[in-house]
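# Observations on the three-dimensional arrangement
Here is how the chains run, residue by residue.
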Amino acid sequence: MSQIIYNSFDREVHPPYLSPDYQSTVLRAPSKPLMVLKQSLSELTGPVFGDFNLGEFDNDLTKNALKNGQPLGERIVVHGKVMNENGQPIPNTLIEIWQANAAGRYIHKVDQHDAPLDPNFLGAGRCITDSEGNYKFYTIKPGAYPWGNHHNAWRPNHIHFSLFGANITNRLVTQMYFPGDPLLQYDPIFLGVPPKGRDLLISAFDLSLTEPSFALGYRFNFVLRGHNATPFERQ
Amino acid sequence: MKQTPSQTVGPYFAYSLTPEQYLYDFKSYADSVMVNPLENPDTITITGKVFDGAGVPIPDAMIEVWQSDHQNQLFGRCGTGTLADNRFVFYTTKPTSVNGQAPYLSVIIFMRGQLIHTYTRIYFEDEVTLNETDEVLNSVPSDRKHTLIATKNGNSYEFNIIMQGEKETVFFDI
């Protein structure tokens, strides 16, 4: 057994369980302290998804649910790299995404927001990072939508991301936001993140990633929990 | 470099993360059938509910289990929004002991209302001897140890997760 120990969550940037302005946390946050666990085999391993067959358009939400035309809205392309805290790229990481359509409506049956569904847009996709940790999705910029947390509550535009990383200590589910969104300052989910972490959830517009006459480019990198080995020691 | 902060999985994950379970037109990458019961006579089921601090079953949680021993590496994922009573159920084989530890599955819990996921473990009631000597189980206060141990009924184990309060499940900082 190697001596590699993975770092803990960095509580300077991760949100707490209880964050009362986000009302759903009140009855769902653990109330007792977490028990510290010595990492063993199951924490130092995790599911490997490299053998799975991705569908041809799994990473292209503008094409993976076409019925009778193109999805409506502003096409975007989101690029980025998945790394650990030492800056080392993490290849073969499964990334799954989901989002609202351009009108701010999710296809999920529970979403009853009175905005139209788009028959040509599902809003789900996935990809696996390449040998240098890079990923890319084509999609439609998601719309803002109201929710019931408080009077006149609106979620800022966002894309949900789920990542696996090297093992289960690296598991991350998060949301990517867009630069300059005026709703961020009012959103208790975004504001649940300590101030030091907030900028890390906002993507950057990047003209060099923008595809002429096709899609605006955004960059969003991920940093997963690292480990105690230096790059030199890592085999 | 700073870690990317966590955000809630929210209420609308199912059509991406558990699409076939929720009957969406998208292929699932992971589901709750970790071994095929028709090919594995040793298949067990692990079922349970997730309760909030008011004792109400949570209908929009997603449970992931990871089983890693020297024989198997199995991953399962199940949402609590499709089965009766908001249950989850996994089909797997019982994990085996690694280095003398009691056998267990690692569990990762996601839901609306959690800005960051929680980790726990599922141990097995019928592993009396190994449970008694297990370092992790013995590090837990004795009156909370039972929250980590699934109860047995034939080939089915029951494991309920209580998010908050007096009977709260033990969650780990891993």
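Remember, predicted model here, so these are calculated numbers, not experimental data.

## Describing the pairing of strand β9 (residues 172-177) of chain A
Residues and elements named next belong to chain A. Where burial is concerned, most of β9 is hidden: six out of the six residues are buried. The side-chain alternation of β9 yields two buried faces, one formed by Leu172, Thr174 and Met176 and the other by Val173, Gln175 and Tyr177. The pairing of strand β8 (residues 158-163) with β9 spans six bridges and is antiparallel. Following the sheet pairing, Ile159 is matched in β9 by Met176.

## Some points on the pattern of salt bridges
This model, assessed by the stated rule, comprises 16 salt bridges over all chains. Put simply, Glu12 of chain A and Lys196 of chain A hold a salt bridge, and the shortest N to O gap is 3.2 Å. One end of the pair, Glu12 of chain A, is in the segment before β1 (35-36); the other, Lys196 of chain A, is in helix α2 (residues 195-198), and 184 residues separate them in sequence. A relative accessible area of 39% places Glu12 of chain A in the partly exposed class. Asp60 of chain A is the salt-bridge partner of Lys63 of chain A, the closest N and O atoms lying 3.4 Å from each other. Given a relative accessible area of 36%, Lys63 of chain A falls into the partly exposed group. Overall, the relative accessible area of 7% leaves Asp60 of chain A in the buried class. One continuous salt-bridge network, built from bridges that share partners, spans Asp10, Glu12 and Lys196 of chain A together with Lys2 of chain B.

## Topic: the interface of chain A and chain B
In this complex, chain A contributes 86 residues to the contact, which on the side of chain B involves 72 residues. On the chain A side of the contact with chain B, Arg28, Met35 and Leu37 of chain A bury the most area, a combined 13% of that side's loss. In this assembly, chain A and chain B are joined by six salt bridges. Among the ionic pairs, Arg121 of chain B bridges to Glu43 of chain A, the shortest N-O distance being 3.0 Å. Counting every contact that joins chain A to chain B gives 46 residue pairs in polar contact (both at pLDDT 80 or more). Those elements that place two or more of their residues in the side of chain A that touches chain B are β1, β2 (75-84), β3 (94-98), β4 (124-128), β8, β9, α1 (188-191) and β12 (222-224) of chain A. The leading source of residues in the side of chain A that touches chain B is β9 of chain A, at five residues. Grouping the amino acids of the side of chain A that touches chain B by side-chain chemistry returns 42 nonpolar, 28 polar and 16 charged. Alignment of β1 of chain A against strand β10 (residues 172-173) of chain B, held across two bridges, turns out to be parallel. Considered in β10 of chain B, the bridge of Val36 of chain A is made with Asp173 of chain B.

Calculation rules
Residues numbered from 1 in each chain as written. Chains lettered and ligands numbered in written order. Predicted model: local features only at pLDDT ≥ 70, side-chain atom pairs only at ≥ 80, totals over all residues. Heavy atoms only, no water. Buried < 20%, exposed > 50% of the residue type's maximum accessible area, 1.4 Å probe, protein only. Helix = DSSP H or I, 4+ residues; strand = E, 2+ residues; numbered from the N terminus. Pairing = 2+ DSSP bridges. Salt bridge = Lys/Arg side-chain N within 4 Å of Asp/Glu carboxyl O. Contact = heavy atoms within 4.5 Å. Buried area = accessible area lost by both parts, 1.4 Å probe. Polar contact = N/O pair within 3.5 Å; in protein donor to acceptor, adjacent residues only side chain to side chain. Nonpolar A, V, L, I, M, F, W, Y, C, P; charged D, E, K, R; others polar.

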